[in-house]
Amino acid sequence: MDVKPVIELAGLEVRFGERTILNNLCGSLSGRAIGLLGPNGAGKSTLINTLMGFYPPHKGTARIFGYDIRTQIRQVRNRIGYMPENESFISGMNAVSFVRFMAELAGLPREAALERAHEALFYVGLGEARYRKLEEYSLGMKQLAKLAQAIAHGPKLLILDEPTNGLDPPARQRMIRLIRDVRERGNLHLILCSHLLRDVEECCEEVLILKQGRIVEYCNLEEERRSNRRFLEMEADGDKEAFAEGVRKLGCECALAGERRIKTVLSEGVEIRDLYRLAAERGVRIRRLNYKRDSLEDIFLKAMENGHGSL
Amino acid sequence: MAVYKRTYQGYEGRLTPGWSRFLIITRYAYERVFDSKFLLTFLVSCLVWPAICAAIIYFPHNSGAMALLHPSARNLIPINGNFFLRFMVWQGSLAFLLTAFVSPGLISSDLRNNALPLYFCRPFSRAEYVLGKMAVLVILLSAITWIPGLLLFGLEAVLEGSAWFWDNLWMTKGIFLGSWIWILVLSLLGLALSAWVRWKLAAAALLFAVFFVAAGFGQAINNILHTDYGKLINLVELIGTIWAGLFRTTPVSGLTEFDAWEALLGICAFCLYLLARKVKAYEVVRS
Amino acid sequence: MNGNGADKIVFEDVSKFYGEVLGVNRVQLSIPPGITTLVGPNGSGKTTLMNLMTGLVQPSRGRVSVLGISPNEPERMFRQAGYCTQFDSFPKGLTGYQFLYLFLRLHAKGRTEAEQLTWKALERVGMVEAAHRRIAAYSKGMRQRVKLAQAICHEPPVLVLDEPLNGLDPMARAETIALFRTLASEGSHVIISSHILHEVDRISDCVILLTNGYVVAEGQIQAVRGEMQHEHPMQVLVRCSNPGVLAARLFEHDHVAEIKMHKDRQGLLVATRDGERFYDLLNQLVLEGAVDVESVAPADDDVHSVYEYLIGSDGGAA
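These numbers come from a predicted model, not from an experiment. (Residues numbered from 1 in each chain as written. Chains lettered and ligands numbered in written order. Predicted model: local features only at pLDDT ≥ 70, side-chain atom pairs only at ≥ 80, totals over all residues.)

### A closer look at the overall build of chain C
Thought 1: Scanning chain C from terminus to terminus reveals 11 helices and 13 strands.
Thought 2: Each of the three principal axes of chain C carries a C-alpha extent, and together these read 75 × 45 × 40 Å.
Thought 3: Evaluated residue by residue, chain C yields a buried proportion of 44% over its 318 residues.
Thought 4: The contacts of chain C with a sequence gap of at least 6 include a subset with a gap of at least 24, amounting to 69%. (Helix = DSSP H or I, 4+ residues; strand = E, 2+ residues; numbered from the N terminus. Buried ≥ 20, exposed ≤ 12 C-beta atoms within 10 Å, placed from the backbone. Contact = placed C-beta atoms within 7 Å.)

### Digging into the overall build of chain B
Thought 1: Looking only at helices and strands, one finds 14 helices and zero strands in chain B.
Thought 2: Helices (α) and strands (β) of chain B occur, in sequence order from the N terminus, as α-α-α-α-α-α-α-α-α-α-α-α-α-α.
Thought 3: Taken along the three principal axes of its C-alpha coordinates, chain B extends 85 × 70 × 35 Å.
Thought 4: Of all 287 residues assigned to chain B, the portion counted as buried reaches 36%.

### Topic: the interface of chain B and chain A
Thought 1: Contacts between the two partners involve 29 residues from chain B and, on the opposite side, 40 residues from chain A.
Thought 2: At the level of secondary structure, the elements contributing two or more residues to the side of chain B that touches chain A comprise α1 (22–33), α6 (104–112) and α7 (116–120) of chain B.
Thought 3: Here the side of chain B that touches chain A takes four residues from α7 of chain B, the largest share from any one element.
Thought 4: Across the side of chain B that touches chain A, the residue classes break down as 16 nonpolar, seven polar and six charged. (Nonpolar A, V, L, I, M, F, W, Y, C, P; charged D, E, K, R; others polar.)

### Remarks on the packing of helix α8 (residues 126–144) of chain B against helix α11 (residues 170–196) of chain B
Residues and elements named next belong to chain B.
Thought 1: In the contact formed by α8 and α11, the axes pass within 10 Å of each other and the chain directions differ by 135°. One element, α8, and the other, α11, form an angle in the oblique class. In this structure, α8 crosses over α11, and the sense of that crossing is right-handed. Together, Val 130, Lys 133, Met 134, Leu 137, Val 138, Leu 141 and Ser 142 of α8 and Ile 183, Leu 186, Ser 187, Gly 190 and Leu 191 of α11 make up the contact between the two elements.
Thought 2: Among the residues forming the contact of α8 with α11, the class breakdown is eight nonpolar, three polar and one charged. (Axes fitted to C-alpha atoms, helices over the stretch in contact; angles between N-to-C directions. Parallel < 35°, antiparallel > 145°, perpendicular 65-115°, else oblique. Left-handed = near helix turned anticlockwise from the far one by under 90°.)

### Observations regarding the sheet that holds strand β4 (residues 61–66) of chain C
All names here are of chain C.
Thought 1: Sheet architecture is open: three strands sit in the order β2-β1-β4, paired in antiparallel fashion. Bordering the open sheet on either side are β2 (21–31) and β4, each of which pairs with just one other strand. For this sheet, the mean inter-axis angle between neighbouring strands, taken without regard to orientation, is 25°.
Thought 2: Bridge analysis of strand β1 (residues 9–18) against β2 gives seven bridges, and the strand direction is antiparallel. Within β2, the residue paired with Val 14 across the bridge is Val 27. (Pairing = 2+ DSSP bridges.)

### So, the nonpolar core
Thought 1: In terms of nonpolar packing, the biggest core is built from 223 residues, with Val 99, Ala 145, Ala 148 and Leu 192 of chain A together with Met 53, Leu 100 and Ala 149 of chain C touching the most fellow members.
Thought 2: Among the elements that line this core, the one with the most residues is α11 of chain B, at 13 residues.
Thought 3: If we skip the residues at most four places from it in the chain, Ala 145 of chain A touches Phe 89, Ala 95, Phe 98, Leu 126, Leu 134 and Tyr 137 of chain A. (Core = buried A, V, L, I, M, F, W, Y, C linked by C-beta atoms within 7 Å.)

### With respect to unusual backbone geometry
Thought 1: Positive phi, close to 55°, is recorded for Phe 65 of chain A, a residue that is not glycine.
Thought 2: The topology assignment puts Phe 65 of chain A in the loop between β4 (59–64) and β5 (67–68).
Thought 3: The phi dihedral of Glu 155 of chain C falls on the positive side, at around 50°, and the residue is not glycine.

### Some details on the pairing of strand β8 (residues 189–193) of chain A
Residue and element names in this part refer to chain A.
Thought 1: Burial analysis of β8 places five of its five residues in the buried class, which makes it a mostly covered element.
Thought 2: Across the two faces of β8 the burial is the same, with His 189, Ile 191 and Cys 193 and Leu 190 and Leu 192 all buried.
Thought 3: Relative to β8, strand β3 (residues 33–37) runs parallel, the two sharing four bridges. Within β8, the residue paired with Leu 36 across the bridge is Cys 193.
Thought 4: Direction of pairing for strand β7 (residues 157–161) relative to β8: parallel, over a ladder of five bridges. Residue pairing in the sheet places Leu 160 in a bridge with Leu 192 of β8.
Thought 5: Read as a crossover between parallel neighbours, the route from β7 over helix α6 (residues 169–185) to β8 is right-handed. (Right-handed = clockwise from strand over helix to strand, strands pointing away.)

### Looking at the environment of Ser 30 of chain C
Thought 1: Here Ser 30 of chain C lies in strand β2.
Thought 2: The spatial distance from the C-alpha of Ser 30 of chain C to the C-alpha of Leu 269 of chain C is 37 Å, given a sequence separation of 239 residues.

### Remarks on the environment of Val 64 of chain C
All names here are of chain C.
Thought 1: In this structure, Val 64 sits in strand β4.
Thought 2: Considering only alpha carbons, one finds Val 64 and Leu 29, 35 residues apart in sequence, at a separation of 9.6 Å.
Thought 3: Aside from chain neighbours lying at most four places away, what touches Val 64 is Phe 11, Val 14, Leu 52, Pro 59, Ser 70 and Pro 71.

### A closer look at the packing of α11 of chain B against helix α14 (residues 257–278) of chain B
All names here are of chain B.
Thought 1: Here α11 crosses α14 at 30°, and the two axes come no closer than 9 Å. Comparing their axes, α14 and α11 come out roughly parallel. Crossing of α11 against α14: the hand is left-handed. Across from Ile 181, Leu 184, Val 185, Leu 188, Leu 189, Leu 191, Ala 192, Ala 195 and Trp 196 in α11, the residues of α14 making contact are Leu 264, Ile 267, Cys 268, Cys 271, Leu 272, Leu 274, Leu 275 and Lys 278.

### Here's the deal with the confidence of the model for chain C
Thought 1: Looking at chain C, the pLDDT average stands at 87 and 97% of residues meet or exceed 70.
Thought 2: Prediction confidence for the complex, expressed as pTM and ipTM, is 0.83 and 0.85 respectively. (pLDDT = per-residue confidence, 0-100.)

### Quick look at the sheet that holds β4 of chain A
All names here are of chain A.
Thought 1: The antiparallel open sheet is built from four strands, whose spatial order is β2-β1-β4-β5. Edge positions in the sheet fall to β2 (19–29) and β5, since each of these pairs with one other strand and no more.
Thought 2: Pairing of β4 with β5 involves two bridges; the strand directions are antiparallel. Looking at the pairing, Arg 63 lines up with Asp 68 of β5.
Thought 3: Packed on one face of the sheet, helix α1 (residues 44–51) meets β1 (7–16), β2 and β4 and runs near 65° to β2.

### Brief notes about the environment of Ala 297 of chain C
Thought 1: Looking at the secondary structure, you find Ala 297 of chain C in strand β13 (residues 293–298).
Thought 2: A tally of 19 C-beta atoms within 10 Å means that Ala 297 of chain C is categorised as partly exposed.
Thought 3: With near-sequence residues (within four places) excluded, Ala 297 of chain C lies in contact with Arg 288 and Asn 290 of chain A together with Leu 237 of chain C.

### Some remarks on helix α5 (residues 140–152) of chain C
All names here are of chain C.
Thought 1: With 13 residues, α5 extends 19 Å between its outermost C-alpha atoms, agreeing within 8% with the 18 Å of an ideal straight helix rising 1.5 Å per residue.
Thought 2: With respect to burial, α5 is a largely interior element, 12 of its 13 residues being buried.
Thought 3: On its buried face, α5 sits against β5 (81–84), α3 (96–106), α4 (111–125), β6 (158–162) and α6 (170–185). (Expected span 1.5 Å × (residues − 1).)

### So, α6 of chain A
Residues and elements named next belong to chain A.
Thought 1: With 17 residues, α6 ought to run about 24 Å at 1.5 Å a step, and its terminal C-alpha atoms sit 24 Å apart, in line with that.
Thought 2: Every buried residue of α6 is listed here: Pro 169, Ala 171, Arg 172, Met 175, Ile 179, Val 182 and Arg 183. Relative to the axis of α6, the buried residues are bounded by an arc of 165° and lie together on one face. Those residues of α6 that are exposed and aimed more than 90 degrees away from the buried face are Glu 184 and Arg 185.
Thought 3: Downstream of α6 by one or two residues, Asn 187 has phi in the positive range, about 55°. (Arc of directions from axis to C-beta.)

Right under this line is the structure:
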């Protein structure tokens, strides 16, 4: 597994005129897929733009794969691929020309660029449509073209900003599947910046949460999932209140969440079969029973309340 | 038999040299520039005058053709500084029109479609971007100014002999330098307008305005303030002064050559400043 | 089908064509108060339906009636709907406050009333501090919230919101969803369109699925799923330690249509034509000790699966 850090933040501070947008960010990130979360205005876009060298830091610096963004930005840019959040394309070109052009700008020779462009477009699923002009594309196709240009030159770090923005459900699923595939087989690292916690949960093992320009949480989702074994969530038909009472009598914490969900923490000695027995006694039919799903949501909300954390 | 699974792979091959990458922009821009039949026709028509000039140079040396003409008609058009100055003026005007056609779409479409972050997240600097776009104009404009100019000079030198060549070598400096300063001014102005004005038509119109309206203003300033310095914002006067100096003909205006050079270089610097303001990957909007 | 539909949004055999291009075709709907979500691929007719509801377009055929008012009375109709579009454009040079205030003045509110309603709407969306900054300087989430504010500020009984959560961070999403619930509980019609299906599950009272201009399903999602059980048996994932034994016991019952072994051989994917009986059966088997269940999860009891079955991945326009 990788031990060398992908991104090192050394007191990074970024200002726009008087306003401090990023404040003294420190730490070292080495995960394969890192999720970047935070409320609007927390500085996620600014962080990404600064790491790519679009905006100069006021104080401190950051290193990507060991290269300093202040002095060695060209080496940094040699290794990254970027999929912007907003619509980004070059008019008058079709997808093949576009991806090929972008690959050539990244340094690939002409023939290799053409080959890789077709490979990338095939990989993301743009078939015959790649010969049509980009202006005619639907939103989903434009997103796929953006992803293709980000990976065609074989970067070591892929930065994805809201990749599922505006996509309808099947296209979203396809995009998430692609991202996971790239992550697993591609031998590269990725940073996923998104407001949709589900997307981040499905793709990333580590999560960095920003708030008002500071890091408020950095956690490893794998470890969180492993430690959640005793937290259960159920959906049932019948008298849920009575059921919850019974669970509490067994010595477990239990709470009703929303209209349908029952959350509980199994204490020592209580097994799932005991819950089923209790259900039969109270005339309740258990429809769903599994380990708590929304851990990232809880982590996020807690981070927002607490305010301060560090790596 | 084997089943191949296509999946994502990194790239480990060779890379192109860093310094040559700005030409990639030029190459791709040309593929689209030449899509326009109108532009192709215009380009060809820009070479009509040089062809006529070549004929004018050639005829006096063709005894058969000369025999047809009346004796006093021979040597009617002397090939001297004035001749090349006229050539420059005509081709220079065509260069202006060419810039007005080609330059508006160069940067404005990238800005409109938010393509700049894609350029600059690669090992590609802002200077290379501007250089690449400029090269599009520079190559086209060179093809209709100093390249045919030097070829005409060469033709006359071959026909007249080495004495004429050495006597008139100073004219090559005029052709070359005069063309380049004009190319520089036009390209930078065209690019700066393309970066600041979204609409192609508006950018072209503004280019015309910069020349003709500024000329009008310059004249007005001259009349009101009783000075000649209004001519400093009249680009036509400025380049006219410089060319007159380079071709050793009498200047039309009261400006010195030095003033004119200063003014034009100042304009170029200002255009570079405008470009630096707009060509950025990341725009911060003030509240 | 009660009364004259004075509290419903009614589409009676409505079709809308743009020249030859299909918007929606023969739509029959009766939408009660509460949160209703329109789901479907891009180009399926969601925006057309929304435009019909707000009176921005007239149907080519059929009748539209929003709380008893038809598009033939545009003044009354525009007053009662608030529309938050998916497009991100605003008049140039305005601040958030000015945008709302001018909008309210256009609705013939007096100065004081307009001011009050503006601040009320800004408070509801959490944009009070940024109100006097220019919209051009807002982040995407802030612009989205100003759009929402503009839709609710004149307190209309019908809210039509096209992808209202787009660009909002998780906290803002939760707050906005809570706002929708409040509005729905006050009796408003909140019509939302969204692509984020797990959120649709959580917040909607009623779902309308569209594809290619047709309504393919509408109603409460559990009810819709139940109706589909025959062609698309309910799939339930049961993780247990002895899946083989469980499978044998399950096959004894005729409502179990299909059982698949999970890849890691620690669970079963059961397809059953009668969800209720299956859960009873499973509860019983656990009690008997025949199986040691680790988790039980319906694999397709949500909007996502209904979407897959009815619309699939090629129902889109491109």
